[in-house]
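Observations on the model geometry
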Amino acid sequence: MDQKRGLGFWFLIVIACLLAIWFILGQTLCIFFYDFTVSLGFQDSINDVTAVGVAFNKGFGIADTLFYIPLLISGIIGILKKKRMGIYLMFSALAITVYWPIVCLSAVYFAKGAPGWNLTSYAEYTMILSLITVYGVWGMCFVYINRARLIK
């Protein structure tokens, strides 16, 4: 491990890499193979979220595949290569990392009790999405505070 970069740096990078893999498997694949991503546990079945929920999941999958995943991967590579652009790319990806879990938490909350909505794992969603939000906020603060050190 690069001792100059420190534990915070590697925490930022490792979690970002895990998110990138998670999004490729869960979001990119759901566009083409929705039932497969359900079987992997990355998406919820049509029985749990309705056809409208599946449509929104696929819509997020397209947006994530075209924009968020490339932004996140570019940010990881840029930061690893100590490029100034990497700071901007990573910060932008982290801002999205704060945004999307809040949208999902809100949607799950407002959909509760709606006809056809049968999701039961509210505690799991709340815990995971809250942790991702905290990581995103922490990451933005880390990148901002350490921006000069990240490119030296």
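This text follows the structure it describes.
Okay, so let's go over this structure. (Residues numbered from 1 in each chain as written. Predicted model: local features only at pLDDT ≥ 70, side-chain atom pairs only at ≥ 80, totals over all residues. Heavy atoms only, no water.)

What to know about helix α5 (residues 122-145)
Condition: Helix and strand assignments come from DSSP, with helices taken as H or I runs of at least 4 residues and strands as E runs of at least 2, each series counted from the N terminus. Expected span, for any helix, means 1.5 Å times one less than how many residues it has. Between buried and exposed lies partly exposed: a residue is buried under 20% and exposed over 50% of the maximum accessible area for its type, with that area taken using a 1.4 Å probe on protein chains only. By definition, residues are in contact when any of their heavy atoms lie within 4.5 Å.
When the terminal C-alpha atoms of α5 are compared, their 34 Å separation across 24 residues agrees well with the 34 Å that a helix rising 1.5 Å per residue should span. The set of residues buried in α5 consists of Y122, Y125, L129, I132, T133, Y135, G136, G139, M140, F142 and V143. Looking at the buried side of α5, the elements it contacts are α1 (6-32), α4 (84-111) and α6 (147-150).

Digging into the layout of surface pockets
The condition is simple: Using protein atoms alone on a 1 Å grid, points that fit a 1.4 Å probe yet trap it form a cavity, whereas open point sets bounded by protein on both sides within 12 Å along at least five of seven lines form a pocket; residues with an atom within 4 Å of a point count as lining. Grid points are joined across faces, edges and corners, and a volume is the space filled by probe spheres set on the points. Charged means Asp, Glu, Lys or Arg here, nonpolar means Ala, Val, Leu, Ile, Met, Phe, Trp, Tyr, Cys or Pro, and polar covers whatever is left, Gly included.
For the largest pocket, the calculated volume is near 750 Å³. The wall of the largest pocket is formed by 26 residues, among which Q43, D44, N57, C104 and Y125 lie closest to the centre. When contributions to the lining of the largest pocket are tallied by element, the ones reaching two or more residues are α1, α3 (46-80), α4 and α5. Taken together, the residues that form the lining of the largest pocket break down as 16 nonpolar, seven polar and three charged.

So, the packing of α1 against α4
Note the cut-off: Axis angles are defined between N-to-C directions and span 0 to 180 degrees, where every axis is a line fitted to C-alpha atoms and, for a helix, only to the segment in contact. We call a crossing left-handed when the near helix sits turned anticlockwise from the far one by less than a right angle, and right-handed when that turn is clockwise.
With their axes 12 Å apart at the nearest point, α1 and α4 run at an angle of 60 degrees to one another. Every pair of crossing elements has a handedness; the one defined by α1 and α4 is left-handed. When α1 is examined against α4, the residues L12, I13, A16, L19, W22 and F23 are found in contact with a partner set consisting of M90, L94, T97 and W100. Counted by class, the contact of α1 with α4 contains nine nonpolar, one polar and no charged residues.

Structural notes on the packing of aromatic side chains
Aromatic ring pairs are reported here in terms of the distance separating the ring centres and the angle at which the planes meet. Using the following cut-off: Under the pairing criterion, centres of Phe, Tyr and Trp rings, with the six-membered ring standing for Trp, must be within 6.5 Å; the plane angle then separates stacked pairs below 30 degrees from edge-to-face pairs above 60, leaving the rest tilted. Consider the ring centre and the ring normal. A charge sits over the ring if Lys NZ or Arg CZ is within 6 Å of that centre and within 35 degrees of that normal.
Here the structure, examined in full by the defined rule, presents 11 aromatic pairs. Aromatic pair F11 and W138: ring centres 5.2 Å apart, planes at 80 degrees, arrangement edge-to-face. Placement of the pair is F11 in helix α1 and W138 in helix α5, with a sequence separation of 127 residues. Owing to a relative accessible area of 42%, F11 belongs among the partly exposed residues under this scheme. By the ring-pair criterion, three or more aromatic residues cluster together here, those being F11, Y135, W138 and F142. Between the NZ or CZ atom of K112 and the centre of the ring of Y122, over which it lies, the distance is 4.6 Å. Between R147 and the ring centre of Y144, over which it is positioned, the NZ or CZ distance is 4.1 Å.

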